[in-house]
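# Report on the structure
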Amino acid sequence: DATPAHCHRVFLDSPVLTAAELAALGRLAADGIHARTLDLGFSPGQSLAGALEALRQAAERAVKDGCEILILSDRATGPSRLPIPSLLATGAVHHHLLRKGLRIATGLVIDSGEPCLVHHFCTLFGYGADAVHPWLAWRSVDQLVAEGVLECDAAAARRAYRKAVEGGLLKVMAKMGISTLEGYKGAQVFEAVGLDPELVDACFAGTPCAIPGLGLEQIERELRARHRHAFDPAPAANLALEQGGEFYWRRDGEIHQWNPLTIGKLQQAAQTGDEQAYRQFASHVNEQDGRLQTLRGLLEFVPPPSGAVAVDEVEPEEAIMRRFATGSMSFGSLSREAHEALAVAMNRIGGKSGTGEGGEHPDRFGSERECSMKQVASGRFGVSIQYLAHARQIEIKMAQGAKPGEGGELPAGKVDEGIAAARGTTPGVGLISPPPHHDIYSIEDLAQLIHDLKCANPQAEIHVKLVAEAGVGTIAAGVAKARADAILISGDSGGTGASVKTSIKSAGSAWELGLAEAQQVLLANRLRSRISLRVDGGLKTGRDVVVAALLGAEEFGFGTAPLVTLGCIMLRKCHCNTCSVGVATQDPRLRGHFGGKPEYVINYLRFVAREVRELMATMGFRTVDEMVGRVDCLRQRSVEHPRGLQPDLSRLLHRPRSSDSPRRTRAQEHGLEDAVDHALVRAARPALEHGTPVSLTIALRNRDRAVGTMLSGVVADRCGPSGLPADTIAIRCRGSAGQSFGAFLAPGIGLHLEGDANDYVGKGLSGGRISIATPSTAGFVAAGNTIIGNVALYGASAGEAYFNGLAGERFGVRNSGALAVVEGVGDHGCEYMTGGVVLVLGSTGRNFGAGMSGGEAYVLDETGDFRGHVNTEMVAIERLSAQRDRALVRRLLENHLAWTGSTRARAVLQAWDDYCPRFVKVMPRAFAAVAERALREGRDVRPPLPPRVAGVSAPKETAP
């Protein structure tokens, strides 16, 4: 039976415990909560497997004895005691108690000297720990203070360390879509590479592991070697810590493929045209250290029975180079000079360069400096109909770099005037994209976005960027069924030119695994022939390209290597805005140091293509198409592994039986033939050709999707960025509109619907005007009826929208410039907004204004409870005090009344003096500070008043 004892719990402010907090857990017996410490040490005469089993049994006995907190401690480690690795111990105990049905009866606390990095804590919590006491990390922090390395007192240093660990945990949880630590504990959102299946089953049951390898025996050998080294009774000298070098290259540290030798040789080759220097670079990567650093280094080529062909018979370098792309690195993460140099280089060779998610300045459109591939990310930075209309390819970003689940991040110091203009944001305000799952909840949502983008630019190919991780094949199959034209598999070496260091490591897996799985699943489901595969994530040489092609790729992306040719020296300071060679900084002084030229990138890629040709000739391939998917031409090498392993790559090299083609041979069917917009474009010819105003009337059903989007693409193509004068093309609609009504609506188009609409109304609104009114003849009360679905105005950048009724959830997410009026919204309204104005004339759901960094929101708070619905982390709430605020709200009300006939707007205007004090303003703190500074300097970065609708009487108050 449920009793008060079942609510007897210990509440922790943080899962990272201090020594005092750990000690307090041991003193809870007086309160009826019993803790027991289990020693993780074992004697040299005992095996690691035996020690783990003894630990499992001890934990089971303790729980059955009524112990409610288990503390697994390795502090007894010494000359006669070896420690069980803390993650093995955590996973072993957690899974054993789960199997015995005892896990919910106890808490699990890890008292260990091992954890110090964020990933260590993530794995401990992910495999069952409830709290961690990193005792050696605490002692190390104290020692750094005592030695003067840290210029603060010990208490402040400990607080800073704990805050850093907690911040890293939150970031990892957020990108996995997990809101609470309770939901993260034991969730095992990991995959393993190179672990023995028996070890995985024993300690990490359920964790995917495509490449078997290391087992308990090897772990025990290394554990004993370290123990002997640490407790040698007569050490030759004081033991020094290893250099490390996980992030930065160190002379005596970890081996990095990017090191002074490879960087120097590649820059010499690219900048002087020295082919011999490239050969030395490629040899170093392909034949030396690279062999045991990458999965492709464990593979070798098997020439087909037909034998080699002459190099002259192989397709030319120019044809191969057209398959190359530079990674989608944003303007913002990179300097303008570096970003444009990449674009120029790829345009000259017929390859592809990506904008990244930072948008693109319109002055680059139509020039050699334009990126042919425009990216559409969850942040929607700069995504307008003009941006989409200038694309040869449009890439939907489902992963940040190669990092699953992350949205991009640009520190405030890198957001200058130019970047803010391209992104529709405010200078000096940091930018974080919503994680992709804010935008795409299902494959159906992705299919809708693909359809919308195809309507915006029917000539562009739609690409979807996925991260290499376990299960990516299933996702790739869904993407193919959603009618994407191409898929990018991005590997774990993907860069983060703007993000923090916790995003560089321990996220995603090797592209070899992701590409092989995607190819296998697409073949097995007969989907491969209708979609292209591209791969990126650490490609450096022609050998890398050939391995990727044999595993199934048709196109090949290069990110870091082209930046190295332009001058990057891998300082890992991208997010700090202090890049000394001007590649990844917005500092004008440092940008002046940039010496890169497009010719450097072209030289490098030509050398890569030449190496590809030579390898193709030795293998008997005349075209890349012949080589794609020929996994039978790869086999595993026999290597002398330092751990005595021989990894099994059979899953990587598997080819399923399939009658499908291993490469794309047919086009996707996008189903645009029946779109309503074809008729709209024909009827709007007078406006498109001569600027003559046109008024149209149409009836809609909910299967009519993306109404107005294809027409907007035509307007953008023919009329340029300014579009047409307002309402040149006025379209009166009646009925129920389907998904994405008015998506990316161009300037000059007005969509006026009497009826209702589904999700994504006004997605990417780009200067057009949308109004939706509740049917006047049906007797509906607008303020009590939902008139539009979820995620309206997602990524809107300009224009106006008026909704005479309620909206669903996530209204105005990432709005960066549109003006909107609605009579009530669901949860998460104005989330991640960076600009524009939203006026809500009724209730709001929870979490209003979360992540909002720009723009303004006004809410009619008649019940006085709005403050409890706001996420105040980044925003402040105030009453309407400035004359400008009152004038703006009144103007929006008048326009809302004029366009929709809203009875709510009429009532507020008629009793303006009574209602005005009930309005509250939601203002991002960062934006408020920037706006105030701009006003002092004689500038105004606040949204202007919208134009008054003709025939509406002037307001009592006018803007200053």
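Everything quoted here is computed from the prediction, not taken from an experiment. (Residues numbered from 1 in each chain as written. Predicted model: local features only at pLDDT ≥ 70, side-chain atom pairs only at ≥ 80, totals over all residues. Heavy atoms only, no water.)

## Quick notes on a nonpolar patch on the surface
On the surface, Leu 144, Val 149 and Leu 150 cluster together into a nonpolar patch covering about 220 Å² of accessible area. Checked against the element boundaries, Val 149 lands in the loop between helix H5 (135-146) and helix H6 (154-175). In this structure Val 149 comes out as exposed when scored by relative accessible area, which is 52%. (Patch = residues over 30% accessible without salt bridge, like charges linked within 9 Å, V, L, I, M, F, W, Y side chains within 5 Å. Areas by Shrake-Rupley, 256 points an atom, 1.4 Å probe, with all protein chains shown as cover. Salt bridge = Lys/Arg side-chain N within 4 Å of Asp/Glu carboxyl O. Helix = DSSP H or I, 4+ residues; strand = E, 2+ residues; numbered from the N terminus. Buried < 20%, exposed > 50% of the residue type's maximum accessible area, 1.4 Å probe, protein only.)

## Quick word on the side chain of Asp 536
In this structure, Asp 536 sits in strand S18 (residues 532-536). Salt bridges are absent for the buried Asp 536, whose nearest opposite-charge side chain, Lys 465, sits at 5.1 Å. Within the structure, Asp 536 has its side chain in polar contact with the side chain of Ser 490 (distance 2.7 Å). Excluding anything up to four places from it in sequence, Asp 536 contacts Leu 488, Ile 489, Ser 490, Gly 491, Trp 511 and Gly 557. (Lys, Arg positive; Asp, Glu negative; His and termini not counted. Polar contact = N/O pair within 3.5 Å; in protein donor to acceptor, adjacent residues only side chain to side chain. Contact = heavy atoms within 4.5 Å.)

## Regarding empty space enclosed by the protein
Within the structure shown, the criterion is met by four cavities of 30 Å³ or more. For the largest cavity, the calculated volume is near 80 Å³. Lining the largest cavity, in full, are Ala 516, Gln 519, Gln 520, Leu 523, Leu 550, Leu 551, Gly 552, Gly 629, Val 631, Leu 652, His 654 and Arg 655. No other element matches helix H18 (residues 511-524), which puts four residues into the lining of the largest cavity. Class assignment for the residues of the lining of the largest cavity results in six nonpolar, five polar and one charged. (1 Å grid on protein atoms, 1.4 Å probe; cavity = no way out; pocket = protein on both sides within 12 Å on 5 of 7 lines; lining within 4 Å. Points joined across faces, edges and corners; volume = space filled by probe spheres on them. Nonpolar A, V, L, I, M, F, W, Y, C, P; charged D, E, K, R; others polar.)

## So, helix H3 (residues 86-99)
Given a rise of 1.5 Å per residue, 14 residues ought to cover 20 Å, and the 20 Å separating the end C-alpha atoms of H3 matches this to within 8%. Burial within H3 is extensive, with 11 of its 14 residues counted as buried. Inspection of H3 places Ser 86, Leu 88, Ala 89, Thr 90, Gly 91, Ala 92, Val 93, His 94, His 95, His 96 and Leu 97 among the buried residues, and these make up the whole buried set. Residues of H3 that are buried in the fold lie against helix H2 (48-64), strand S3 (69-73), strand S5 (107-112), helix H4 (118-126), helix H8 (197-203) and helix H9 (216-230). Remark: Gly 101 follows H3 within two positions and exhibits a positive phi of approximately 70 degrees. (Expected span 1.5 Å × (residues − 1).)

## Some words on the sheet that holds strand S26 (residues 816-822)
Spatial strand order, S21-S22-S23-S24-S25-S26-S27-S28-S30-S29: 10 strands in an open sheet with mixed pairing. Whereas interior strands pair on both sides, the edge strands pair on one side only; in this sheet they are strand S21 (694-700) and strand S29 (875-879). The sheet shows a mean angle of 15 degrees between the axes of neighbouring strands, taken without regard to direction. Bridge analysis of S26 against strand S27 (residues 834-840) gives five bridges, and the strand direction is parallel. Note that in S27 the partner of Val 822 across the bridge is Val 840. Sheet strands in contact with helix H27 (residues 883-900) are strand S22 (729-737), strand S23 (749-757), strand S24 (766-773), strand S25 (798-804), S26, S27, strand S28 (854-860) and strand S30 (919-924), and its direction is about 65 degrees off that of S25. (Pairing = 2+ DSSP bridges. Axes fitted to C-alpha atoms, helices over the stretch in contact; angles between N-to-C directions.)

## Some words on the nonpolar core
Grouped together as the largest cluster of nonpolar side chains are 173 residues, with contacts concentrated most on Phe 324, Ile 729, Phe 741, Phe 803 and Phe 811. Here the element with the most residues in this core is helix H22 (residues 598-619); it accounts for 13 residues. The residues contacting Ile 729, other than those within four sequence positions of it, are Ala 684, Ala 687, Leu 688, Val 694, Leu 696, Leu 711, Val 715, Leu 724, Gly 748, Ile 749 and Gly 750. (Core = buried A, V, L, I, M, F, W, Y, C linked by side-chain atoms within 4.5 Å.)

## Some thoughts on the packing of aromatic side chains
Scanning all chains against the criterion turns up 13 aromatic pairs. Relative to Phe 607, the ring of Tyr 278 lies with its centre 5.5 Å away and its plane at 25 degrees, an arrangement referred to as stacked. Pair noted here: Tyr 278 is in helix H11 (residues 275-287) and Phe 607 is in helix H22, with a separation of 329 residues, a long-range link. For the pair shown, Tyr 278 and Phe 607 are each scored as buried. When the ring of Phe 324 is compared with that of Phe 558, the centres are 5.1 Å apart and the planes differ by 75 degrees; the resulting orientation is edge-to-face. Of this pair, Phe 324 sits in strand S8 (residues 324-326) while Phe 558 sits in strand S19 (residues 555-558); the two residues are 234 residues apart in sequence, bridging distant segments of the chain. Just above the ring of Phe 301 sits the side chain of Arg 543; from NZ or CZ to the centre is 5.3 Å. Lying over the aromatic face of Tyr 915, Arg 918 brings its terminal NZ or CZ to 4.9 Å of the ring centre. (Phe/Tyr/Trp six-rings, centres within 6.5 Å; stacked < 30°, edge-to-face > 60°. Lys NZ or Arg CZ within 6 Å of the ring centre and 35° of its normal.)

## What to know about the sheet that holds strand S17 (residues 486-490)
The strand order across the open sheet built from eight strands is S9-S8-S19-S18-S17-S16-S11-S10, with neighbouring strands paired in parallel fashion. Edge positions in the sheet fall to strand S9 (352-353) and strand S10 (373-376), since each has one partner strand and no second. Strand direction decides the pairing type here: S17 and S18, joined by five bridges, are parallel. Looking at S18, one finds that Ile 489 is bridged to Val 535. The sheet strands contacting helix H17 (residues 472-481) are strand S16 (461-467) and S17, and the helix crosses S16 at an angle near 165 degrees.

## Regarding helix H19 (residues 542-551)
Counting along an α-helix, one turn takes 3.6 residues, and residues three or four places apart therefore face a common direction. Burial runs high along H19: 10 of the 10 residues are buried. Residues of H19 that are buried: Gly 542, Arg 543, Asp 544, Val 545, Val 546, Val 547, Ala 548, Ala 549, Leu 550 and Leu 551. A positive backbone phi angle near 130 degrees is found at Gly 552, which sits one or two residues after H19.

## Points about the packing of H4 against H6
Taken N-terminus to C-terminus, the directions of H4 and H6 make an angle of 60 degrees; their axes are 9 Å apart at the nearest point. Classified by the angle between their axes, H4 and H6 sit oblique to one another. For the crossing formed where H4 meets H6, the hand is right-handed. Only Tyr 161, Ala 164, Val 165, Gly 168, Leu 169 and Val 172 of H6 make contact with H4, whose side of the interface consists of Val 118, Phe 121, Cys 122 and Phe 125. Classifying every residue of the contact of H4 with H6 gives nine nonpolar, one polar and no charged. (Parallel < 35°, antiparallel > 145°, perpendicular 65-115°, else oblique. Left-handed = near helix turned anticlockwise from the far one by under 90°.)

## Quick notes on the confidence of the model for the protein chain
Parts of the prediction with low pLDDT should not have their coordinates interpreted in detail. Considering every residue of the protein chain, the mean pLDDT works out to 91; 96% of them sit at 70 or more. Under a pLDDT of 50 for its full length, residues 952-960 has, in the predicted model, 20 contacts with residues more than four places off or in other chains. (pLDDT = per-residue confidence, 0-100.)

## Looking at the side chain of Thr 728
Structurally, Thr 728 can be placed in the loop between helix H26 (709-719) and S22. Owing to a relative accessible area of 5%, Thr 728 belongs among the buried residues under this scheme. If we skip the residues at most four places from it in the chain, Thr 728 touches Ala 687, Gly 691, Thr 692, Pro 693, Val 694 and Gly 748.

## As for the pairing of S30
Summarising burial for S30: six of the six residues are buried, a large majority. Both faces of S30 are covered, namely the face carrying Phe 919, Lys 921 and Met 923 and the face carrying Val 920, Val 922 and Pro 924.

## Section: the environment of Thr 834
Summarising the element assignment, Thr 834 is placed in strand S27. Judged by relative accessible area, which is 3%, Thr 834 ranks as buried. As a C-alpha pair, Thr 834 and Ser 797 span 37 residues in sequence and 9.6 Å in three-dimensional space. What Thr 834 contacts, discounting residues up to four positions off in sequence, is Gly 424, Thr 425, Thr 426, Arg 814, Asn 815, Ser 816, Ser 853, Gly 854 and Gly 855.

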